[in-house]
Amino acid sequence: MQLTYLKSRFLRTYIWAALLCLIAALGWFQCFFAGVAAQKELEREKAYDIPVELVITDLGGTSSDRLGISGVELWAFIKDKENVTDLWIIPRDLRPYFGELRVKTSLYYKSGEMSGRLIGLTDLNAEEALRGAEIVFSDGEDADFESSKSPQIIVSERFFEKLRDESGGISEASVAVGTDSGLQNAFELAVKPTGYYTGLSTDDIYCSWNLAADIIRSLGEEPYADSISATVKDNGELDALKEDLSYYFTEADPTETPKRNPNAVALYYYKNAAVIHDELMRNTLMTLERNIAVLNGLFPITAALECLVSAAAAYFYIALRRRDVAIMRSLGTKSAFVIAITAAEMFVICAAAFALSLAAAAAIPICEIKISSILLVELSALLGGVVSAGVLTRRGGIEILKEND
Amino acid sequence: MLLSLNDVSFSYRTKYQTVNAVKNVSCEFEAGRLYAVVGKSGSGKTTLLSLMAGLARPDGGAISVDGKDLLSLDPDAYRRDTVSIIYQNFNLFPLLTVLENVMYPLGLNKTPKQEALKIAVEVIKKVGLDESYCKRLPSMLSGGEQQRVAIARALATGAQTILADEPTGNLDSENTENIIGLLTSLAHGENRCVIVVTHDQNVADAADTVYRMDSGRLTEEAREI
């Protein structure tokens with residue numbers, strides 16, 4: 001008969017549906033909350049992918065095209081391209097830290113009426129000016145600029161056309177190359193361009209870093225770099241990179257005071273500074289860390305509040321039938337039976353709410369399914385309902401049926 | 001003797017004071033008689049009824065049911081099988097139909113469903129309602145009709161003692177008369193012990209025995225027929 005009562009409650013009132021939706025919503029909200037926190041964690045992981053740029057500057061902190069970097073500092077960047085075993089200090093290889101390395105050196109050239117700079121690059125992107133220019137390679141020569149086995153030499157379109165013979169082929173040009181603009185100590189070199197660039201007003205010649213380094217050595221000098229910049233490959237290794245950088249570079253110093261390198265075995269001063277531009281990554285990480293800390297702090301509070309709301313809602317849902325329970329008790333229904341049947345009813349509602357929470361959490365991508373959180377909300381509701389039934393079935397519960405005295 | 005009270009006392013605490021609702025009451029109730037307990041509001045009539053219904057435990061004295069101490073009985077079983085209670089405001093389950101309300105106590109004492117259905121229809125007819133009322137909810141009935149359903153529910157289990165708390169308090173004179181007739185026939189026709197707490201002089205006039213409560217004491221046995 002108690003089941004008839006429950007059946008009629010379910011069929012003739014819909015307040016149970018409201019309770020079910022509320023408990024389900026509370027369970028789902030925990031999943032949503034956990035999902036938002038997980039999303040922030042993911043964003044924090046992704047924040048490590050924000051490009052971090054390393055730029056070598058002078059000690060005063062100004063980036064320059066004439067840094068004159070040479071020796072161990074330079075070899076640390078390009079050691080895999082050079083034989084450096086005979087250097088007086090074993091350099092730390094910085095190249096593994098970088099996804100994209102941009103080293104540039106420049107000399108001067110003259111070839112007939114054409115003159116300008118001869119620029120050696122580890123990558124075409126090392127030259128800012130070339131980024132906006134169109135580069136046209138001769139057939140079969142559009143291989144990677146740096147890794148190509150044949151020397152890649154790119155000239156201006158004007159220079160390129162001057163070298164075109166009657167059959168349409170490109171002939172070699174003899175150029176004088178030197179480290180000073182006056183070409184007082186010049187080296188004669190035969191070059192055959194593999195392509196040309198358009199859109200620039202200069203007649204500069206671009207070649208691979210290796211070729212430029214060989215020319216400088218032929219001129220009796222040690223190769224040097226005008227500028228160095230790079231994109232860090234794995235930001236998780238920033239600390240290790242900073243440590244390795246400290247062997248060759250100091251931080252930018254506005255006073256431009258030379259500093260002694262404590263890592264050097266002999267008296268040696270820093271000549272250049274290394275600046276790591278990780279501000280965006282650090283700011284993003286800091287913001288995300290703050291957000292995650294707030295979310296993590298709020299999570300247990302919201303969980304507790306939700307359990308409380310869930311328990312209170314279930315308590316009042318059952319308390320609404322105070323008079324009905326009193327009538328049942330006055331007719332001889334055992335209190336244990338009322339509590340048991342209430343627990344069964346709450347179990348059914350909570351099970352349905354659990355399924356609904358799970359379905360909603362699975363359907364909404366941002367949510368992270370947290371079974372334990374949902375269960376906690378459901379258990380709170382179950383407990384709230386059972387406690388309410390316990391209160392209603394106390395001896396005094398029947399008192400409400402007394403109207404007179 | 002079906003029900004006897006021997007020197008029964010009961011008090012309860014309110015926020016400000018202790019109320020001695022029932023003071024050293026002794027009386028006896030037999031089957032086949034209609035009893036009326038009359039008295040002013042607050043005199044302890046309903047509390048006395050609650051004690052007899054097993055809804056409260058006396059502080060002193062003893063209540064005997066068929067010679068057994070009420071406190072030694074299972075209170076749930078006592079309310080389920082031995083007494084039935086009728087209230088002024090009917091106290092029907094609002095979401096159960098008339099038939100379901102009447103069948104409820106039969107379900108509690110494990111009467112098979114078909115038999116319970118038969119008994120329920122029978123008692124519904126006995127209180128003057130036809131079968132068309134069976135499917136109705138209490139909210140669709142008048143006060144008199146609801147009280148008839150409450151009486152039918154009280155009758156369904158065949159409880160020997162029927163306790164009624166102001167059963168005519170919410171009814172008009174015509175319905176009051178009908179309910180008095182019903183209660184009288186239960187006592188005299190079905191040999192049940194019917195104890196009615198009432199303000200209603202008509203009920204008191206119809207009773208075989210009238211007890212008067214005054215400040216918790218059963219001061220006067222007003223009339224014996």
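Visitor: Please clarify how the overall build of chain B should be interpreted in this entry.
Guide: Secondary structure assignment for chain B yields seven helices and ten strands. Taking 17 Å as the expected radius of gyration for a compact globule of 225 residues, we find that chain B reaches 17 Å, a close match to that expectation. Seen along its three principal axes, the alpha-carbon backbone of chain B occupies a region of about 45 × 40 × 40 Å. Out of the 225 residues in chain B, the part that is buried amounts to 49%.

Visitor: It is not clear to me how the overall build of chain A should be interpreted in this structure. Could you clarify?
Guide: The number of helices and strands found in chain A is ten helices and 13 strands. The C-alpha radius of gyration of chain A comes to 39 Å, more than 25% above the 22 Å expected for a compact globule of 405 residues. Overall size of chain A, expressed as C-alpha extent along the three principal axes, is 125 × 60 × 30 Å. Within chain A, the fraction of its 405 residues that count as buried is 34%.

Visitor: Just checking my understanding: could you explain the domain arrangement of chain A for this structure?
Guide: Think of interface size as the accessible area that goes away when the parts come together; that is how it is often given. On domain assignment, one finds that chain A holds domain 1 (2-45 + 284-401) and domain 2 (53-277). The C-alpha centroid of domain 2 of chain A is placed 68 Å from the C-alpha centroid of domain 1 of chain A.

Visitor: What should I look at first to understand the packing of helix H9 (residues 335-363) of chain A against helix H10 (residues 371-392) of chain A in this one?
Guide: A pair of packed helices is captured by two measures, namely the crossing angle of their axes and the spacing between those axes. All names here are of chain A. Relative to each other, H9 and H10 sit at 160°, their axes nearing to 9 Å. Between H9 and H10, the angle falls in the class roughly antiparallel. For the element pair H9 and H10, the recorded crossing hand is right-handed. On H10, the residues touching Val 338, Ile 339, Thr 342, Ala 343, Met 346, Phe 347, Cys 350, Ala 353, Phe 354, Ser 357 and Leu 358 of H9 are Ile 374, Glu 378, Ala 381, Leu 382, Gly 385, Val 386, Ala 389 and Gly 390.

Visitor: How do you make sense of the interface of chain A and chain B when you look at a structure like this?
Guide: On the side of chain B, 29 residues touch chain A, which itself brings 20 residues to the contact. Ranked by the residues each element gives to the side of chain A that touches chain B, the list is headed by helix H1 (residues 2-12) of chain A, at five residues. Among the residues forming the side of chain A that touches chain B, the class breakdown is six nonpolar, seven polar and seven charged.

Visitor: Looking at this structure, I do not really get the confidence of the model for chain B. What am I missing?
Guide: Detailed conclusions should not be drawn from predicted coordinates in areas where pLDDT is low. All names here are of chain B. With 97% of its residues at a pLDDT of 70 or more, chain B shows a mean pLDDT of 87. The secondary-structure element of chain B with the lowest mean pLDDT is strand E10 (residues 217-224), recorded at 66, while strand E8 (residues 193-197) shows the highest, at 93. Overall fold confidence for the complex sits at a pTM of 0.74, while the interface term, ipTM, reaches 0.88.

Visitor: Whenever I open this one, the environment of Asn191(B) confuses me. Can you help?
Guide: All names here are of chain B. By secondary structure assignment, the location of Asn 191 is in the loop between helix H6 (173-189) and E8. Classification of Asn 191 as exposed rests on a count of 12 C-beta atoms within 10 Å. C-alpha separation for the pair Asn 191 and Ser 139, spaced 52 residues apart in sequence, amounts to 32 Å.

Visitor: I would appreciate a short explanation of the nonpolar core in the present structure.
Guide: What tends to happen in soluble globular proteins is that the nonpolar side chains get buried as a cluster. Counting residues in hydrophobic clusters, the biggest one holds 115 residues, and the most contacted among them are Tyr35(B), Val102(B), Leu183(B), Val194(B) and Val196(B). Among the elements that line this core, the one with the most residues is helix H2 (residues 15-47) of chain A, at ten residues. Residues in contact with Leu183(B), not counting those within four places in the same chain, are Leu34(B), Ala164(B), Val194(B) and Val196(B). The next biggest cluster of nonpolar side chains, apart from the first, holds 54 residues, and it includes Leu67(A), Ile69(A), Phe159(A) and Phe160(A).

Criteria and thresholds
- Residues numbered from 1 in each chain as written.
- Chains lettered and ligands numbered in written order.
- Predicted model: local features only at pLDDT ≥ 70, side-chain atom pairs only at ≥ 80, totals over all residues.
- Helix = DSSP H or I, 4+ residues; strand = E, 2+ residues; numbered from the N terminus.
- Rg over C-alpha atoms; globule rule 2.2 N^0.38 Å.
- Buried ≥ 20, exposed ≤ 12 C-beta atoms within 10 Å, placed from the backbone.
- Domains from an automatic or database assignment.
- Axes fitted to C-alpha atoms, helices over the stretch in contact; angles between N-to-C directions.
- Parallel < 35°, antiparallel > 145°, perpendicular 65-115°, else oblique.
- Left-handed = near helix turned anticlockwise from the far one by under 90°.
- Contact = placed C-beta atoms within 7 Å.
- Nonpolar A, V, L, I, M, F, W, Y, C, P; charged D, E, K, R; others polar.
- pLDDT = per-residue confidence, 0-100.
- Core = buried A, V, L, I, M, F, W, Y, C linked by C-beta atoms within 7 Å.

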